[in-house]
Amino acid sequence: MKNKIILITGATSGIGRAVASRFASMGSKLILCGRRKEKLKILAQELGGSHQLLIFDVRDKKAVFKAINSLPEDYKKIELLINNAGNAHGMDPVQSADLDDWDAMIDGNVKGLMYVTKAVLPSMVNLRKGQIINLGSIAAKEVYPNGSVYCSSKAAVDFFTRGLRIDLNPIGIRVGAIHPGLVETEFSEVRFKGDLERSEKVYKGMQALSADEVADAIIYMAQVPEKVNIADLVILPTRQANAYVNNRIK
Ligand code: NDP
Ligand code: 8X3
């Protein structure tokens, strides 16, 4: 992993931040992306070393290409892309859900991930080498009540991952996805628009995964020999059987 050039979206928080810390400790050269500039700056200071910061909203097609194309030449040869940026917005039945929440999820989790992939691909294709790891979710594998659009967005990530793997197969670029269950991050706080009482309930008694535990699995996906591709990895807290069967500590 030493000197490997790795682009991580959503590095300001949660899983992306944890992945960045792990790779930085292994001597990788990071391109840290997110919208919250201050958080990225603090992270870069904490990590030490020389890392590039890119501030953009993945939903903004032009901004995605502009940011990635602005990288200095030596950082353009991205060897590993971690497509992590994403969130859920709201948790409501279709009939009463907010359309702006839907746009945020489809535009960010799906189209944003696709834009970043498209922007990074030319150099990987040119080098005929690289790896892409997408953040799906258990929500990509099963749908749960009031989660239809978030689950749809993650199912799209799952299928995009599979299609991309087929398209890049002749070039030798590895493509895979990791699908975590409950991970305690800012995720639920964002989903419930700052309602801490509601977001804390999600994890109560669940011994949810930590961002570091998911990061360890991502590191594993990145460290297997080049002839091995971890294509699809589901990781759950032991107390979670699937997207909606939970054995909570009472
Ligand atoms: P966090 O809310 O802690 O982190 C989300 C990250 O995504 C932030 O860094 C945020 O950065 C970035 N992000 C969100 N929207 C955008 C956007 N439009 N443009 C650019 N960056 C964006 O959540 P997690 O760490 O938990 O989530 C990371 C990924 O893991 C997501 O794709 C999520 O769907 C997935 N996941 C999470 C699970 C969980 O239970 N927590 C389980 C399964 C999958 P900023 O706000 O600075 O832009
Ligand atoms: C996040 C997992 O089940 O809370 O993708 O939606 S879940």
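Now for a quick tour of the structure.

The rules behind each value
- Residues numbered from 1 in each chain as written.
- Chains lettered and ligands numbered in written order.
- Predicted model: local features only at pLDDT ≥ 70, side-chain atom pairs only at ≥ 80, totals over all residues.
- Heavy atoms only, no water.
- Helix = DSSP H or I, 4+ residues; strand = E, 2+ residues; numbered from the N terminus.
- Buried < 20%, exposed > 50% of the residue type's maximum accessible area, 1.4 Å probe, protein only.
- Contact = heavy atoms within 4.5 Å.
- Near = heavy atom within 4 Å.
- Polar contact = N/O pair within 3.5 Å; in protein donor to acceptor, adjacent residues only side chain to side chain.
- Nonpolar A, V, L, I, M, F, W, Y, C, P; charged D, E, K, R; others polar.
- Axes fitted to C-alpha atoms, helices over the stretch in contact; angles between N-to-C directions.
- Parallel < 35°, antiparallel > 145°, perpendicular 65-115°, else oblique.
- Left-handed = near helix turned anticlockwise from the far one by under 90°.
- Pairing = 2+ DSSP bridges.
- Right-handed = clockwise from strand over helix to strand, strands pointing away.
- Arc of directions from axis to C-beta.

1. Here we look at the environment of Asp-92
Move 1: Counting through the fold element by element, Asp-92 comes out in the loop between β4 (80-83) and α5 (99-127).
Move 2: For Asp-92, a relative accessible area of 30% corresponds to the partly exposed category.
Move 3: As for Asp-92 and Gly-172, which are separated by 80 residues in sequence, their C-alpha atoms are 41 Å apart.
Move 4: Other than its neighbours up to four places away in sequence, Asp-92 contacts Ala-97 and Asn-146.

2. Examining the site of ligand 1
Move 1: Taken together, 29 residues surround ligand 1, and among them Thr-12, Ser-13, Arg-35, Tyr-150 and Thr-185 come closest.
Move 2: Note that an oxygen atom of ligand 1 is positioned 2.6 Å from one of the side-chain N or O atoms of Arg-35.
Move 3: Take Arg-36: an N or O atom from its side chain is 2.9 Å from an oxygen atom of ligand 1.
Move 4: At the level of elements, α1 (14-25) and α6 (148-168) are the ones that each hand at least two residues to the shell around ligand 1.
Move 5: Residues that form the shell around ligand 1 fall into these classes: 11 nonpolar, 12 polar and 6 charged.

3. A word on the packing of α1 against helix α9 (residues 211-223)
Move 1: The contact between α1 and α9 brings their axes to 8 Å, and the two run at 55°. Between α1 and α9, the interaxial angle falls into the category oblique. Between α1 and α9 lies a crossing whose hand is right-handed. Contact with α1, carried on its side by Gly-14, Ile-15, Ala-18, Val-19, Arg-22 and Phe-23, involves Ala-211, Asp-212, Val-214, Ala-215, Asp-216, Ile-218, Ile-219 and Ala-222 of α9 and no other residues of that element.
Move 2: Of the residues assigned to the contact of α1 with α9, the class counts are 10 nonpolar, 1 polar and 3 charged.

4. Quick look at the site of ligand 2
Move 1: Neighbouring ligand 2 are Ser-137, Ile-138, Tyr-144, Tyr-150, Leu-182, Phe-187 and Arg-191.
Move 2: Within the side chain of Tyr-144, an N or O atom sits 2.5 Å from an oxygen atom of ligand 2.
Move 3: The separation between an oxygen atom of ligand 2 and a polar side-chain atom of Tyr-150 is 2.5 Å.
Move 4: In terms of residue class, the shell around ligand 2 is made up of 5 nonpolar, 1 polar and 1 charged.

5. Here's the deal with the pairing of strand β1 (residues 5-8)
Move 1: Every second residue of β1 is oriented toward a common face, with Ile-5 and Leu-7 on one face and Ile-6 and Ile-8 on the other, all of them buried.
Move 2: The pairing of β1 with strand β2 (residues 29-34) spans 4 bridges and is parallel. The residue of β2 that forms the bridge with Ile-5 is Lys-29.
Move 3: Assessed by its sense of winding, the connection that carries the chain from β1 through α1 to β2 is right-handed.

6. Here's the deal with helix α3 (residues 61-69)
Move 1: All of the buried residues in α3 are Val-64, Ala-67 and Ile-68. Down the axis, α3 shows its buried residues gathered within 90° of arc, on one side only. Along α3, exposed side chains directed more than 90 degrees from the buried face belong to Lys-62 and Lys-66.
Move 2: Buried residues along α3 sit against β1, β3 (52-55), α4 (73-76) and α5.

Any functional reading would require information that these geometric values do not contain.
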